[in-house]
Amino acid sequence: MLKKSNLVLWGVVLFVAWNALILFFLWTRPQSSSDHSRLTEEVIRLAQDAEVELERQKDLLHQIYRYSALWNRRKATEAKRLHLSVASSAPPSTAAPLPRRSQISPDAVLPVLVIACDRSTVRRCLDKLLHYRPSKERFPIIVSQDCGHEETARVIASYGDAIMHIKQPNLSDIPVPTDHRKFQGYYKIARHYRWALSQVFRNFKYQAAIVVEDDLEVAPDFFEYFQAAFPLLLADPTLWCLSAWNDNGKEQMVDANHPELLYRTDFFPGLGWLLLSDLWDELEPKWPKAFWDDWMRHPEQRQGRSCIRPEVSRTMTFGRKGVSHGQFFDQYLKFIKLNDRFVPFTQMDLSYLKKDEYERSFLAQVYGAPELRVEELQGNQRRELGTVRVQYTTRDSFKAFAKALGSWTTSSPECPVPATRASSVSSSEAAAFT
Ligand SMILES: *[C@@H]1O[C@H](CO)[C@@H](O)[C@H](O)[C@H]1NC(C)=O
């Protein structure tokens, strides 16, 4: 602020000094000869000089005016920002504003951020990513490693320049409430995600990122899917992510003959997902200490927004070892079918997934289907009906139905957060079984 006021002051000083100089020059000019024509010439030149001089002074005044206007505007916005930051008690942002969703190009670079810790089997994840990746310029791979595990670090380093290897620097334990001691792992995961995403968006300044964990294997059309759905995410503010995962993607439950099917879901699936930089701007200041994915599913974060997800998953998890897996993996995750047929999504029209169009057709399909009771569905006796509808009324009845039909009921047997996956599945999502 001081600088701006100085500039204005200098402008005025310069203006006055210039005029003084001109006056001085004119006054002290030696009187020329008595030659008439020379005198006329001199007068004309003086008049021209004066004209040029006037122009110059006008410019100078203009500049002074411009600077002072700028300065006042600047003062006003600073005051406003100060006021706002006091009101919201948030620290004033020093970072330059990132491009908003509408300014992101549909051809933006989409880095793949691989979250790794101590599983050297990350090799399987990286091999598949590298194998199916159509372009290293469009999809650079960044492996972020936490946990300081030597063997895993060596595996990652063995890929050389094919990937970028970054390491979360803070390996210390995180102080947690005593009853959360066994959840230390979840705290470290949340810390790692926060650090890694901030590297991607703040440090490397990407406008979007695909997040993958070290125990995920991707399908042949994983990149094709994200590339095709990306413009949709940019165009539809009621979407906040693209996910490669179907929570109900068990082999017997998906329509494997239609791997091109995509849906909207109210439930944040994670497990191979794409977010935009503006979502990170929104989430970073309030990023939770632990259980980040369940936190994402709370209404305060989701704010009514949906994700796109495929009928047949484009990722599958192979990691039995992990903070939340184990028994859960054996019971559920290992039955998720990974798509094996390449679907040319980029050649297809995906506009049916935009909110208005989608709700019109999808809700008509759900409520146009005949209603059955769960018991009627169990023995597969009414197969001839094709798509049918099962109607639930309460959270408990949904859980009972889901259990009977083998779909998702809870996020994990070890999950310490009372919110379950089932509780936030939308009625439209849960109601249709084919
Ligand atoms: C590392 O993390 C711990 C626990 O969250 C924190 O207390 C400490 O300040 C961090 N250290 C650095 C250098 O950021």
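Criteria and thresholds
Residues numbered from 1 in each chain as written. Predicted model: local features only at pLDDT ≥ 70, side-chain atom pairs only at ≥ 80, totals over all residues. Heavy atoms only, no water. Helix = DSSP H or I, 4+ residues; strand = E, 2+ residues; numbered from the N terminus. Buried < 20%, exposed > 50% of the residue type's maximum accessible area, 1.4 Å probe, protein only. Contact = heavy atoms within 4.5 Å. Areas by Shrake-Rupley, 256 points an atom, 1.4 Å probe, with all protein chains shown as cover. Disulfide = S-S within 2.5 Å. Polar contact = N/O pair within 3.5 Å; in protein donor to acceptor, adjacent residues only side chain to side chain. Near = heavy atom within 4 Å. Nonpolar A, V, L, I, M, F, W, Y, C, P; charged D, E, K, R; others polar. Salt bridge = Lys/Arg side-chain N within 4 Å of Asp/Glu carboxyl O. Core = buried A, V, L, I, M, F, W, Y, C linked by side-chain atoms within 4.5 Å. Phe/Tyr/Trp six-rings, centres within 6.5 Å; stacked < 30°, edge-to-face > 60°. pLDDT = per-residue confidence, 0-100. Pairing = 2+ DSSP bridges.

**Thoughts on the overall build of the protein chain**
- Looking only at helices and strands, the protein chain has 14 helices and 12 strands in total.
- Residues counted as buried form 43% of the 434 residues belonging to the protein chain.
- Considering only intrachain contacts with a sequence separation of at least 6, the fraction spanning at least 24 residues in the protein chain is 76%.
- A total of about 24,000 Å² of accessible surface is found on the protein chain, and carbon and sulfur atoms cover 56% of it.

**A few points about the state of the cysteines**
- Within the structure shown, the criterion is met by two disulfides.
- Covalently, Cys117 is tied to Cys147 through a disulfide, its sulfur atoms 1.9 Å apart. Taking the sign of the torsion about the S-S bond as the criterion, the disulfide between Cys117 and Cys147, at about -105°, is left-handed. With a gap of 30 residues between them, Cys117 in the loop between β1 (112–116) and α3 (122–132) and Cys147 in the loop between β2 (141–145) and α4 (150–157) connect regions that are remote in the sequence.
- Look at Cys147 and you get partly exposed, because its relative accessible area is 36%.
- Between Cys241 and Cys307 runs a disulfide, and the two sulfur atoms are separated by 2.2 Å.

**A short note on the side chain of Asp247**
- Summarising the element assignment, Asp247 is placed in the loop between β6 (239–243) and β7 (262–265).
- By relative accessible area, Asp247 is classed as buried at 10%.
- Here Trp245 takes part through its side chain, which lies 3.0 Å from a polar atom of the side chain of Asp247.

**Structural notes on the site of the ligand**
- All residues in the neighbourhood of the ligand are listed as Asn170, Ser172, Asp173, Ile174, Pro175 and Arg191.
- Measuring from an oxygen atom of the ligand, one finds a side-chain N or O atom of Ser172 at 3.3 Å.
- A distance of 3.2 Å is found between an oxygen atom of the ligand and a side-chain nitrogen or oxygen belonging to Arg191.
- When the free accessible area of the ligand is taken as 360 Å², the share hidden by the protein chains comes to 35%.
- Of the residues assigned to the shell around the ligand, the class counts are two nonpolar, two polar and two charged.

**Quick word on the pattern of salt bridges**
- Applying the stated criterion to the full structure yields 21 salt bridges.
- Among the salt bridges present, the one from Arg119 reaches Asp215, with a minimum N-O distance of 3.7 Å. In this pair, Arg119 is assigned in the loop between β1 and α3 and Asp215 in the loop between β4 (208–213) and β5 (216–218), connecting sequence segments 96 residues apart. Taken individually, Arg119 and Asp215 each receive the classification buried, so the pair is uniform in this respect.
- A single salt-bridge network, built from bridges that share partners, covers Arg119, Asp214 and Asp215.

**So, the environment of Glu217**
- If you trace the backbone, Glu217 turns up in strand β5.
- Accessibility expressed as a relative area gives 11% for Glu217, which makes it buried.
- Discounting residues that sit within four places of it in the chain, Glu217 has contacts with Arg124, Lys128, Arg314, Thr315, Met316, Phe318 and Leu338.
- At a separation of 2.8 Å, a polar atom in the side chain of Glu217 contacts the side chain of Arg124.

**Quick notes on the nonpolar core**
- The biggest cluster of nonpolar side chains holds 51 residues, and the ones touching the most others in it are Val114, Leu126, Leu129, Ile210, Phe222, Phe230 and Leu274.
- Dropping the residues within four chain positions of it, Val114 is found in contact with Val122, Cys125, Leu126, Leu129, Ile141, Ile142, Val143, Ser144, Val212 and Asp214.
- Of all hydrophobic cores here, the second largest spans 27 residues; its members include Ala190, Ala196, Val200 and Trp240.

**Re the packing of aromatic side chains**
- Applying the stated criterion across every chain yields a total of 20 aromatic pairs.
- Judged by centre distance (4.8 Å) and plane angle (90°), the ring pair of Phe268 and Trp273 falls under edge-to-face. Here the two residues Phe268 and Trp273 agree in accessibility, since each one is buried.
- Centre to centre, the rings of Trp287 and Trp292 are 5.7 Å apart; their planes meet at 25°, and the pair counts as stacked. Of the two residues examined, Trp287 and Trp292, each falls in the buried class.
- Feature note: the residues Tyr193, Trp240, Phe268, Trp273, Trp280, Trp287, Trp292 and Trp295 constitute an aromatic cluster, connected by ring pairs.

**Here's the deal with the confidence of the model for the protein chain**
- In this model, the protein chain carries a mean pLDDT of 81, and residues with pLDDT of at least 70 account for 70%.
- Note that residues 75–93 has pLDDT below 50 and, in this model, three contacts with residues that lie over four places away or in other chains.
- A low-confidence stretch, residues 410–434 (pLDDT under 50), is modelled with 69 contacts involving residues beyond four sequence positions or located in other chains.

**Here we look at the side chain of Gln145**
- Tracing the sequence through the fold places Gln145 in strand β2.
- Classification of Gln145 as buried rests on a relative accessible area of 3%.

**A short note on the pairing of β4**
- Of all the six residues making up β4, five are buried; the element is thus mostly covered by neighbouring parts of the structure.
- Judged from the four bridges that link them, β1 and β4 form a sheet pairing that is parallel. Residue Leu113 lies in a different strand from β4, and its bridge partner there is Val211.

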